[in-house]
Structures are given as structure tokens and as C-alpha cells.
Amino acid sequence: MPPLVFTTLRAREGRPWLWPAHLERLREGAARFGAPPPPEDLLERVRDKTRGIGDARGRVGLGPPDPLVEARPYVEPLGPWTLSPVEAPWSPGEDTMRWKTTARDGYDRARAAAGGADDALLTGPGGAFLETTVANVFFVMQDGGLRTPPESQQILPGVARAAVLREAAALGIPAREAACGLREAAAARECFVSNALLLAWPVASIEGVARYREGPVARRLRERLLRTALPPRIIR
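Bear in mind that the values here come from a model prediction, so they are computed numbers and not experimental data.

Cut-offs used in this document
- Residues numbered from 1 in each chain as written.
- Predicted model: local features only at pLDDT ≥ 70, side-chain atom pairs only at ≥ 80, totals over all residues.
- Heavy atoms only, no water.
- Helix = DSSP H or I, 4+ residues; strand = E, 2+ residues; numbered from the N terminus.
- Rg over C-alpha atoms; globule rule 2.2 N^0.38 Å.
- Contact = heavy atoms within 4.5 Å.
- Buried < 20%, exposed > 50% of the residue type's maximum accessible area, 1.4 Å probe, protein only.
- Arc of directions from axis to C-beta.
- Salt bridge = Lys/Arg side-chain N within 4 Å of Asp/Glu carboxyl O.
- Phe/Tyr/Trp six-rings, centres within 6.5 Å; stacked < 30°, edge-to-face > 60°.
- Lys NZ or Arg CZ within 6 Å of the ring centre and 35° of its normal.
- Axes fitted to C-alpha atoms, helices over the stretch in contact; angles between N-to-C directions.
- Parallel < 35°, antiparallel > 145°, perpendicular 65-115°, else oblique.
- Left-handed = near helix turned anticlockwise from the far one by under 90°.
- Nonpolar A, V, L, I, M, F, W, Y, C, P; charged D, E, K, R; others polar.
- Pairing = 2+ DSSP bridges.

Mind showing me how you'd approach the overall build of the chain here?
The helix and strand inventory of the chain stands at six helices and 13 strands. For 236 residues, the compact-globule estimate of 2.2 N^0.38 gives 18 Å, and the chain sits close to it at 17 Å. Across its three principal directions, the C-alpha atoms of the chain cover 50 × 40 × 30 Å. Within the chain, contacts between residues at least 6 apart in sequence are counted, and of these 68% link residues at least 24 apart.

Written out as C-alpha cells, the structure is:
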């Protein structure tokens, strides 16, 4: 049986954030792993499941026999995250980590290895920083521009990552997709993670590498995403 292809989303009163990107992720993942495609009424199922919860955390999966739609109240973290570098749990050239599936044993082991940190910051060949087990990572460099690992480094191209890059361009914030190692992380003035729940969330420290203060660039992007990620009340 193929791994269940899924996406994690956030919704307000039945309105899922970034829904077109989530739907496209599910379609592409289903095609890659041979899962059933998203049904025509999937959005209505998500809306029905999340309506009435207020601020909801949802999970939508595709796999036999039927689509999975789950939801529960979303609880925001109490403060900025801490990250601990851990070697990535996949082999060079492996592409399955570009997709969100239930085959997450490697991610779970990496997170456990991070100890008391909020998440593991996965490292690749040469110690390059890639992503966390549940989020993409961004650095704000001294010139105020963003730097984030490129998709070519086998990261999962998150829907919120794409939204951050899009909104940064709209705000005139330069962004570069390039390798991020110890030098870049230590020189950065801000660090934040992005996923469909957190949007853009500050990082306080990377263990053994650097400490950061919550800064204006991440805050500005988060405020912008809070306005733009939520769809209109009537979704057709």
C-alpha cells in the first residue's frame, strides 16, 4: 500500500488558508505515489470539518479507501522556536522527502534526537542547513534580504514557503534561494520558520550556532500573510 499523501492546513471558521496550493500539493502527491486523486467535493468536506472550531488545524489525506479529513483546535506556540542541528534522515538523490506522506519515521527520529529543542534543523552534505521536520527555514541577512535553502537540496517545498517568497517580493524584500551553512546562519540577524500553521514564526536560537532576536522582517511578513492567506468568505 502506498504511503498516505497528506497536507496540513489551518482554517478559520471553515475557510482553509492557502487552499489552492494545498489542493495542488495533494494532486501532485497522488500522481507520484499512485493514490486516488482529490475528490471534487474535498473543499466542502474540509469546510464542514473545520467550521465551528474557530481557529482550526486540519489534516487532509489521500489514500485507500477514502480521503481522510481531520480537524482540531489550533494552539499557537508560546514563543519563538529553538532548533537543534540533526543529520537529515534520507540519502542523496532520494526524492520522496519532497512529498508530504505518512512515511515519517526518519523525521520522528530526527525530532527525538533534537532533545529539548522545539524541532530538529536537518543538515545535509557538508553541514548545509535544509529544513526542520515540519517547516522550511529562512534567514534574514545583514542587508535585510531573505536567504532560504533551494528546492534542489531535496527539501519539501512547502506551501507557506512559496507564500513567504511571494509576499516578500510584494513587499520589496529581496530573497535568494541558496545554500545555507554555518557561516550564513551565524551572520544572519533574524531566523524564522514557515509552514501552513505558523506562516512565518521566529526562531530564538540554533543550538551551537547562533541566537536571534525576533525582528521586523519576520514580523512584517507574518502580518502580511495573516491578511493574505485567508480566502474570501465565499469560496467557489
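Is there a simple way to think about helix α2 (residues 42–50) in this case?
What sets the pattern is the α-helix's 3.6 residues per turn: residues three or four places apart point alike. For α2, every residue scored as buried is listed here: L42, L43, V46, R47 and T50. Down the axis of α2, the buried set is contained in an arc of 140°. They therefore lie on one face. Taken together, the buried residues of α2 touch β1 (5–12), β2 (15–16), α1 (19–33), β3 (55–62) and β4 (68–73). Backbone geometry just downstream of α2 places G52 in the positive-phi region, at approximately 95°.

When you look at the pattern of salt bridges in this model, what are you seeing that I'm missing?
Summed over all chains, the structure comprises 14 salt bridges. The partner of E167 in a salt bridge is R166, with the nearest N and O atoms 3.9 Å apart. Taking the relative accessible area as the measure of exposure, R166 reaches 47% and is therefore partly exposed. Put simply, R10, R12, D55, E76 and R222 are held in one network by salt bridges that share partners.

Quick question: what am I supposed to make of unusual backbone geometry here?
Backbone geometry follows two general trends: most residues other than glycine have a negative phi, and most peptide bonds adopt the trans configuration. Positive phi, close to 50°, is recorded for E13, a residue that is not glycine. Inspection of the secondary structure puts E13 in the loop between β1 and β2. Judged by relative accessible area, E13 falls into the partly exposed class, the value being 48%. Positive phi outside glycine occurs at Q154, with the angle close to 70°. The residue Q154 is located in the loop between β9 (146–148) and α4 (159–170) in this model.

What is the right way to read the packing of aromatic side chains from this model?
Two descriptors summarise a pair of aromatic rings, namely the distance from one centre to the other and the angle between the planes of the rings. This structure, assessed with the given rule, holds two aromatic pairs. On the basis of an interplanar angle of 5° and a centroid distance of 5.0 Å, the ring pair of F138 and F192 is categorised as stacked. Remark: F192 occurs in strand β11 (residues 190–194) and F138 occurs in strand β8 (residues 136–140); sequence separation between them is 54 residues. A relative accessible area of 0% places F138 in the buried class. Above the plane of the ring of F33 lies R32, whose end atom (NZ or CZ) is 4.6 Å from the centre. Looking at R104, its charged tip hangs above the ring of Y107, at a distance of 4.3 Å from the centre.

Just to check I follow, could you spell out the packing of α1 against α2 for this structure?
Helix-helix packing: each pair is described by the crossing angle between the helix axes and the interaxial distance. The interhelical angle for the contact between α1 and α2, taken along N-to-C directions, is 120°, at an axis separation of 12 Å. When the axis of α1 is compared with that of α2, the two are oblique. Relative to α2, α1 is oriented so that their crossing is right-handed. Contacts between α1 and α2 involve W19, L23 and L26 from the former and L42, L43 and V46 from the latter. Of the residues in the contact of α1 with α2, the class split is six nonpolar, no polar and no charged.

Looking at this structure, I do not really get the pairing of β4. What am I missing?
Note on strand geometry: in a regular strand, side chains alternate between the two faces of the sheet. Of the strand pairs in this sheet, β3 and β4 are connected by six bridges, and their pairing is antiparallel. Within the sheet, the bridge partner assigned to V60 lies in β4 and is V69. Here β3 folds back onto β4, and the loop between the two strands holds five residues.

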